[in-house]
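What the coordinates show
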Amino acid sequence: MRSRNPVFSRRGFSRDNGYAGFNAAPQAGGPAVATQGNPYAQGTQGNPYAQPAGNPYAQNPYAQQDLQYGAPPQAPATTGRMTMDDVVVRTASTLGVLVVTAALAWALLPVDDANISRSYGIGIGAALIGMVLALVQSFKRKPTPALILLYAAFEGVFLGVVSSVVDNRIADGAAMQAVIGTMAVFAGVLIAYKAGWIRVNRRFYGFVMAAALGFVLLMTVNLLFAVFGGGDGLGFRSGALGVVFGVIGVILGACFLALDFKQVEDGLAYGAPREEAWFAAFGLTLTLVWIYLEFLRLIAILNSND
């Protein structure tokens, strides 16, 4: 299982079969999910978590036989597997760190004319550190909770400064509007996913990743033109064109949320290790930050055009 978000990742996908769980037939007697290419499938080949065929406790040295009453072996309690509670707790912890550091940055880094350059510089520095930490975690095979929480802390500083700038200098109440918009997208995608209106399959994954790659490359080119040529670059982040690309950014974020939900669903179905809940928290945090920033940019553009 791996994060399906703007930081493209490698683990959790089969080089031959695409997205885990999209190609093989469902297991008989199990959840309606595929096993081919899935790191947590309950087959015996190549799966470190697989159970032996037949009696799953046949090789368990702790299985007890009640000889007096002839009772069958007692199945041990399943431990070390990821649960929904694990995902919720770790996601809440990561988002909690992000919110706390954002609030501190808002309160302690003023954005008035005398301090905005210093505060903005600290915010950009925190964003760069957060990006490096996110990339390091994205290429690690196992989640590192300290690394994920550090990313959330530095990203929170950046969000606090940027939100304060937009809220105090461009559009009053912009931060709260962006938060409400992000929550609305999250709730909407979750409802649509659970209702089956969004079907996350191999084609969906390929389309989202191709669109996201093109979007990021286009925004990078626009940024380079803005830095070296001055002004708004190619104009992709201002005016009517900026609104269009802002809406596209929000839609891409919603698609990444669907991929994150699929990640969690597969991890629960295939018995992923408990530590994988940190990957789910990391992916959801990245995606929610993406959506929040796109909403904040949209609000800034719409108010600057008034």
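Conventions we followed
- Residues numbered from 1 in each chain as written.
- Predicted model: local features only at pLDDT ≥ 70, side-chain atom pairs only at ≥ 80, totals over all residues.
- Heavy atoms only, no water.
- Helix = DSSP H or I, 4+ residues; strand = E, 2+ residues; numbered from the N terminus.
- Contact = heavy atoms within 4.5 Å.
- Axes fitted to C-alpha atoms, helices over the stretch in contact; angles between N-to-C directions.
- Parallel < 35°, antiparallel > 145°, perpendicular 65-115°, else oblique.
- Left-handed = near helix turned anticlockwise from the far one by under 90°.
- Nonpolar A, V, L, I, M, F, W, Y, C, P; charged D, E, K, R; others polar.
- Phe/Tyr/Trp six-rings, centres within 6.5 Å; stacked < 30°, edge-to-face > 60°.
- Buried < 20%, exposed > 50% of the residue type's maximum accessible area, 1.4 Å probe, protein only.
- Core = buried A, V, L, I, M, F, W, Y, C linked by side-chain atoms within 4.5 Å.
- pLDDT = per-residue confidence, 0-100.
- Expected span 1.5 Å × (residues − 1).
- Polar contact = N/O pair within 3.5 Å; in protein donor to acceptor, adjacent residues only side chain to side chain.

Another aspect to go through is the environment of N222. Structurally, N222 is set in helix α5 (residues 202–229). On a C-alpha basis, the gap between N222 and L234 in space is 5.4 Å, while along the polypeptide they are 12 residues apart. For N222, the contacting residues outside a window of four places in its chain are D232, G233, L234, G235, F236 and R237.

Our next topic: the packing of helix α1 (residues 84–108) against helix α7 (residues 276–304). To characterise two packed helices, one gives the angle between the axes of the helices and the distance between these axes. Following both chains from N to C, one finds α1 and α7 inclined at 45°, their axes separated by 8 Å at the closest point. One element, α1, and the other, α7, form an angle in the oblique class. When the axes of α1 and α7 are compared, the crossing they make is right-handed. Where α1 abuts α7, its residues D86, V87, R90, T91, T94, L95 and L98 lie against A277, W278, A280, A281, L284, T285, L288 and V289. Its residues assigned to classes, the contact of α1 with α7 shows 10 nonpolar, 3 polar and 2 charged.

This part covers the packing of aromatic side chains. Under the counting rule described, the total for this entry stands at 6 aromatic pairs. Seen from their ring centres, F215 and W290 are 5.9 Å apart, and the 45° between their planes marks the pair as tilted. Of the two residues, F215 is situated in helix α5 and W290 in helix α7; the sequence distance between them amounts to 75 residues. The same class applies to F215 as to W290, namely buried. Members of the aromatic cluster, connected to one another through ring pairs, are F215, F245, F256 and W290.

Turning to the nonpolar core, a few remarks are in order. With 53 residues, the main nonpolar core has V185 and L257 as its most contacted residues. Looking at this core, the element that brings in the most residues is α7, giving 15 residues. In this structure L257 touches V185, F186, V189, L284, T287, L288 and I291, once residues within four positions along its chain are discounted.

Moving on, we come to the confidence of the model for the protein chain. Averaged over all residues, the pLDDT of the protein chain equals 80, while 74% of them reach at least 70. Note that residues 1–35 has pLDDT below 50 and, in this model, 113 contacts with residues that lie over four places away or in other chains. Under a pLDDT of 50 for its full length, residues 46–77 has, in the predicted model, 33 contacts with residues more than four places off or in other chains.

For helix α3 (residues 145–169), spanning 25 residues, the distance from its first C-alpha to its last is 36 Å, which sits close to the expected 36 Å at 1.5 Å a residue. Counting buried positions along α3 yields 18 of 25 residues, so the element is predominantly enclosed.

What follows covers the side chain of T94. Mapped onto the elements, T94 comes out in helix α1. In terms of polar contacts, T94 uses its side chain to reach the backbone carbonyl oxygen of R90, at 2.8 Å. Residue contacts for T94: discarding those within four places in its chain leaves I148, L149, A152, W278, A281 and T285.

Turning next to the packing of helix α2 (residues 116–138) against α7. At a minimum axis distance of 12 Å, the contact between α2 and α7 shows a crossing angle of 140°. Of the possible angle classes, the one that applies to α2 and α7 is oblique. Handedness of the α2/α7 crossing: left-handed. Of α7, the residues touching α2 (which contributes A134, Q137 and S138) are F279, F282 and L286.

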